[in-house]
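Architecture and fold: a report
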Amino acid sequence: MKTCIATVSLSGSLREKLEAIARAGFAGVEIFEGDFLGSDESPRNAGRMIRDLGLEIMLFQPFRDFEAMPEPQRRRGFERAARKFELMNELGVDLILVCSNTSPVSLGGIDRAAADLRELGDLAETAGVRVGYEALAWGRHIRDHRDAWEIVRRADHPRIGLILDSFHTLAPKIEVDSIRAIPGDRLFFVQLADAPQIEMDVLQRSRHLRNMPGEGDLPVVDFMRAVCATGYDRAISLEIFNDQFRAGPPNQVAIDGHRSLLNLMDQVRRAEPALELAGPAIPPPARTKGVAFVEFAADPAESAALVGILRSFGFRRTGRHKTKDVDLFAQGDIRIVVNRESEGLAGSTRHVRGTSAYAFGLAVEDAAATLARAQALDGERFKEMIAPGRLDIPAVRGLGGGLIYFLDGRTLPAVWSAEFDPVEDAGGAPGGLLAVDHLAQSMTYDEMPSWVLFYTSLLDALKKPEVDIVDPSGLVRSRVVESSDASLRITMNGTENYRTLAGRFLRESFGSGIQHIAFSTGDIFAAMAAFKASGFRPLAISPNYYDDVESRFGLDPAFADRLRADNILYDRSETGEYFQFYSPTLGDTFFFEVVERRNYDGYGGPNAPFRIAAQKRRLQSSGTEAY
Ligand code: MG
Ligand code: MG
């Protein structure tokens, strides 16, 4: 199946769009008429430029308000079509999209529409082009692909076929299995888009909120399974109308789009083995076993504060790198690497961003297969010079230029003994921390769909519905990606506003990255007691919060007092309870969280505004400019 994308999906001039599309690896492009009319290239030159970029023009669109018109509109429709067919010949494209008529003067009637299309087929034959008919979800008379197919069937012309668009079928919830009965050779083209599941007028949702397959909530995989069952194997094309994409960088949108199509077809191949669909053999989505380690690039001066917090949490230094200024700290299943090197990626990261958690290792079943899947899905492999004796741990670029390493049973735990000398460290009292519960990443709102797609396509992981978090300075949108066994949990906070705490993180740390790391414990009160004995002071939460939480959940006053005394935040769901506390921020932006889950699946979302308010108060009182 060839990959294609409509020029309307991207921002920029026609040339910028086409270059981004070619670079991302698409085979073809749909030319949206408005994009062509806006450029000053002649049709022949535009066609040549597109072919020189290695792209095939697969579709010209849209041709509106054609079928079932009264006179004189009917005659004028044929004249318009004849001119478009000429233009198509000059551009070098043989397929045009006719979408169902939305004009209030159109007459409707399946036979009338079929007769018009048959006559248009004769005209197309003379011009040497083909016509695909698509049902718009808001067409005047035709808004269902089943009716559009009936018109194409009755038109009964080799130059007239059907175009399916997942949005127009899935948004109005039209049954996808109805597609399976359509002969694949009458299906001329397939357009794909996803969209969030929100209550909104279908036309507005289509024009502003479409997104890449896998980024939204529509069952695009089921749609595509039905399409493939017809035997259709020409091209799949992204037709994405999205305000963010049209404002964002065309390269990233094109890369995400290409990845979304590769991932979609991989899902279809796995779901429909009997169809024996052609395509690359890609390893399955990687099963994760949690976060194996987090690596900090640390400024030598700031690393003392970081190590101070780790020690108060009961971490012990267990390893010293054989050749580099790198220490390993461990507790339970948690490994924290503190890298003070001034060379390499760690060095350049800390020079630009200060101390930051720039890399993490993901424990997976098969690291080589995970890397192969990442690369098959257009992931960028990262390779730093490997020192002698060092294990070659595969890594790809993560958010904000950071790294994600893949480790499996072969490299874990060998990596620690291969790279580190053991260190005798009596340490303080053990803190009872068990594992990394979740990583929280901050990013701009338009980066979020990219990273949702990255994680959910690479890993055996699902996204949860987006929720809004109220920051006193603006809205932060939050989305969680979780592996199916919840061993990996990543929370993503997207902000458009630099005055929010997430936005402050972006500004102060020069871009997106890991904003906090949450550790799990089996007994949060015992952990707090041990940490305090080692000199830890948690983030102070307003006493008003505890009055509210006590009345909201009807807590025993003595229990609420205990929470208050320890600055522990509390939440309750239908199934269980959640306890959490925070460290002060390190270098103004990064912090740790400690959580105890008692049969609870969330992240304490209702507590986030209180945590943010407490952090902002602290920044203000420490004399730092407040945001
Ligand atoms: Mg369409
Ligand atoms: Mg958290």
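For clarity, every value in this text was computed on a predicted model and none was experimentally measured.

Some remarks on the overall build of the protein chain
Looking only at helices and strands, one finds 21 helices and 26 strands in the protein chain. Taking 627 residues into account, the globule formula puts the C-alpha radius of gyration at 25 Å, and the protein chain, at 28 Å, falls close to it. For the protein chain, the spread of C-alpha atoms along the three principal axes comes to 90 × 60 × 45 Å. The 627 residues of the protein chain split such that 57% are buried. Pairs at least 24 apart in sequence give 73% of the contacts found in the protein chain among residues at least 6 apart.

Brief notes about the coordination of the magnesium ion (ligand 2)
Around the magnesium ion (ligand 2), the protein contributes the donor atoms His438 (NE2), His516 (NE2) and Glu593 (OE), which lie 2.2 to 2.3 Å from the metal centre. Judged by its relative accessible area of 1%, glutamate 593 falls in the buried class.

Quick word on the coordination of the magnesium ion (ligand 1)
Note on the magnesium ion (ligand 1): its protein donors are Glu134 (OE), Asp165 (OD), Gln191 (OE1) and Glu239 (OE). The metal-donor distances range over 2.1 to 2.2 Å. In primary-sequence terms, the residues that donate to the magnesium ion (ligand 1) follow E-x30-D-x25-Q-x47-E. Taken together, the positions of glutamine 191 in strand S7 (residues 187-192) and glutamate 239 in the loop between strand S8 (235-238) and helix H10 (243-247) put the pair 48 residues apart, joining distant regions of the chain. For the pair formed by glutamine 191 and glutamate 239, the shared burial category is buried.

Digging into the pattern of salt bridges
Should the charged atoms of two oppositely charged side chains come close, the side chains can pair. Taken as a whole, this structure holds 41 salt bridges when the rule is applied. Here glutamate 482 ties to arginine 489 by a salt bridge, and the two come within 3.2 Å at their closest N and O atoms. Classification of glutamate 482 by relative accessible area gives buried; the value is 11%. Salt-bridge contacts for aspartate 548 lead to arginine 552; the nearest nitrogen and oxygen are separated by 3.1 Å. Here the residue aspartate 548 and the residue arginine 552 both occupy positions in helix H19 (residues 543-553), the gap between them amounting to four residues, near one helical turn. Under the relative-accessibility criterion, arginine 552 is labelled partly exposed at 38%. Overlapping salt bridges bring together Glu71, Arg74, Arg75, Asp116 and Glu119 as one network.

Comments concerning the sheet that holds strand S9 (residues 288-297)
Here nine strands make up an open sheet; going across it, the order is S14-S15-S16-S13-S9-S12-S11-S10-S17 and the pairing mixed. Two strands lie at the open edges of the sheet, namely strand S14 (381-382) and strand S17 (420-422), each paired on one side alone. Against the sheet, helix H12 (residues 300-312) contacts S9, strand S10 (316-321), strand S11 (326-331) and strand S12 (334-339), and its axis sits at roughly 165° relative to S12. Here helix H13 (residues 344-353) sits on the sheet and contacts S9, S12, strand S13 (356-364), S14, strand S15 (395-397) and strand S16 (403-407); the angle it forms with S13, its principal contact strand, is near 140°.

Thoughts on the packing of helix H5 (residues 110-127) against helix H6 (residues 145-155)
Two numbers describe how H5 lies on H6: the axes approach to 8 Å, and their chain directions differ by 55°. In terms of orientation, H5 and H6 fall into the oblique class. Note that H5 runs across H6; the crossing there is right-handed. Taking contact as the criterion, the partners of Ile110, Asp111, Ala113, Ala114, Leu117 and Arg118 in H5 are, on H6, Asp147, Glu150, Ile151, Arg154 and Ala155. Its residues assigned to classes, the contact of H5 with H6 comprises six nonpolar, no polar and five charged.

Points about the packing of aromatic side chains
Each aromatic ring pair is described using two quantities: the centre-to-centre distance and the angle formed by the ring planes. Tallied over the entire structure, the rule returns 31 aromatic pairs. Ring geometry for phenylalanine 315 and phenylalanine 519: centres 5.4 Å apart, planes at 55°, overall tilted. Here the residue phenylalanine 315 occupies a position in the loop between H12 and S10, and phenylalanine 519 occupies one in strand S23 (residues 513-521), the gap between them amounting to 204 residues. Grouping residues by exposure puts phenylalanine 315 and phenylalanine 519 together as buried. Summarising the aromatic geometry, the rings of phenylalanine 454 and tyrosine 455 are spaced 5.3 Å apart at their centres and angled 75° between planes, so their arrangement reads as edge-to-face. Like phenylalanine 454, the residue tyrosine 455 is buried in the burial classification. Each residue in the set Phe296, Phe313, Phe315, Phe519, Phe531, Phe536, Phe581, Phe590 and Phe592 is aromatic and connected to the rest through ring pairs, giving one cluster. Seen from the ring of phenylalanine 188, arginine 130 lies directly overhead, with NZ or CZ sitting 4.8 Å from the centre.

Quick look at the environment of arginine 75
Relative to the elements of secondary structure, arginine 75 occurs in helix H4 (residues 73-91). At a separation of 3.4 Å, a polar atom in the side chain of arginine 75 contacts the side chain of glutamate 119.

With respect to the domain arrangement of the protein chain
Taken domain by domain, the protein chain comprises domain 1 (3-274), domain 2 (288-422) and domain 3 (436-621). In this complex, domain 1 contributes eight residues to the contact, which on the side of domain 2 involves five residues. Between domain 1 and domain 2 lies a buried interface of about 460 Å² when both sides are counted; carbon and sulfur atoms form 38% of it. The three residues of domain 1 that bury the most area against domain 2 are Arg259, Leu262 and Asn263, which together make up 68% of that side's buried surface. Where domain 1 touches domain 2, the interface holds one salt bridge. As a salt-bridge pair, aspartate 266 and arginine 373 come within 2.6 Å of each other at their nearest N and O atoms. Where domain 1 meets domain 2, there are five residue pairs in polar contact (both at pLDDT 80 or more). Looking at the side of domain 1 that touches domain 2 residue by residue, the class counts come to three nonpolar, two polar and three charged.

Thoughts on the nonpolar core
In this structure, Leu192 and Met224 are the most contacted members of the largest nonpolar core, which totals 88 residues. When residues no more than four places from it in sequence are discounted, the contact partners of leucine 192 are Ser166, Pro213, Val220, Phe223, Met224, Ile236, Ser237, Leu238, Glu239, Ile240, Leu261 and Leu264.

Description of the packing of helix H9 (residues 220-229) against helix H11 (residues 250-271)
Contact geometry for H9 and H11: axes closest at 9 Å, N-to-C directions at 65°. Pair H9 / H11 crosses with right-handed handedness. Along the contact surface, H9 presents Val220, Val221, Met224, Arg225 and Cys228, while H11 presents Leu264, Met265, Gln267, Val268 and Ala271. By residue class, the composition of the contact of H9 with H11 is eight nonpolar, one polar and one charged.

Focus on H13
Every buried residue of H13 is listed here: Leu345, Ala346, Gly347, Thr349, Arg350 and Arg353. A positive phi of about 75° marks glycine 354, the residue just after H13.

A short note on the sheet that holds strand S1 (residues 2-6)
Strand order in the closed barrel formed by eight strands is S1-S2-S3-S4-S5-S6-S7-S8, with parallel pairing between adjacent strands. Looking at each pair of strands side by side, their axes are set apart by 30° on average, direction ignored. Across four bridges, S1 lies against S8 in parallel orientation. Looking at the pairing, isoleucine 5 lines up with leucine 238 of S8. Of the strands in this sheet, strand S3 (56-63), strand S4 (95-99) and strand S5 (130-134) are in contact with H4, which crosses S3 at around 160°. Packing against the sheet, H6 makes contact with S5 and strand S6 (160-165), and its axis sits at approximately 170° to S6.

Cut-off values and rules
- Residues numbered from 1 in each chain as written.
- Chains lettered and ligands numbered in written order.
- Predicted model: local features only at pLDDT ≥ 70, side-chain atom pairs only at ≥ 80, totals over all residues.
- Heavy atoms only, no water.
- Helix = DSSP H or I, 4+ residues; strand = E, 2+ residues; numbered from the N terminus.
- Rg over C-alpha atoms; globule rule 2.2 N^0.38 Å.
- Buried < 20%, exposed > 50% of the residue type's maximum accessible area, 1.4 Å probe, protein only.
- Contact = heavy atoms within 4.5 Å.
- Donors = N, O, S within 2.8 Å, 3.2 Å for Na, K, Ca; no water.
- Salt bridge = Lys/Arg side-chain N within 4 Å of Asp/Glu carboxyl O.
- Pairing = 2+ DSSP bridges.
- Axes fitted to C-alpha atoms, helices over the stretch in contact; angles between N-to-C directions.
- Parallel < 35°, antiparallel > 145°, perpendicular 65-115°, else oblique.
- Left-handed = near helix turned anticlockwise from the far one by under 90°.
- Nonpolar A, V, L, I, M, F, W, Y, C, P; charged D, E, K, R; others polar.
- Phe/Tyr/Trp six-rings, centres within 6.5 Å; stacked < 30°, edge-to-face > 60°.
- Lys NZ or Arg CZ within 6 Å of the ring centre and 35° of its normal.
- Polar contact = N/O pair within 3.5 Å; in protein donor to acceptor, adjacent residues only side chain to side chain.
- Domains from an automatic or database assignment.
- Buried area = accessible area lost by both parts, 1.4 Å probe.
- Core = buried A, V, L, I, M, F, W, Y, C linked by side-chain atoms within 4.5 Å.

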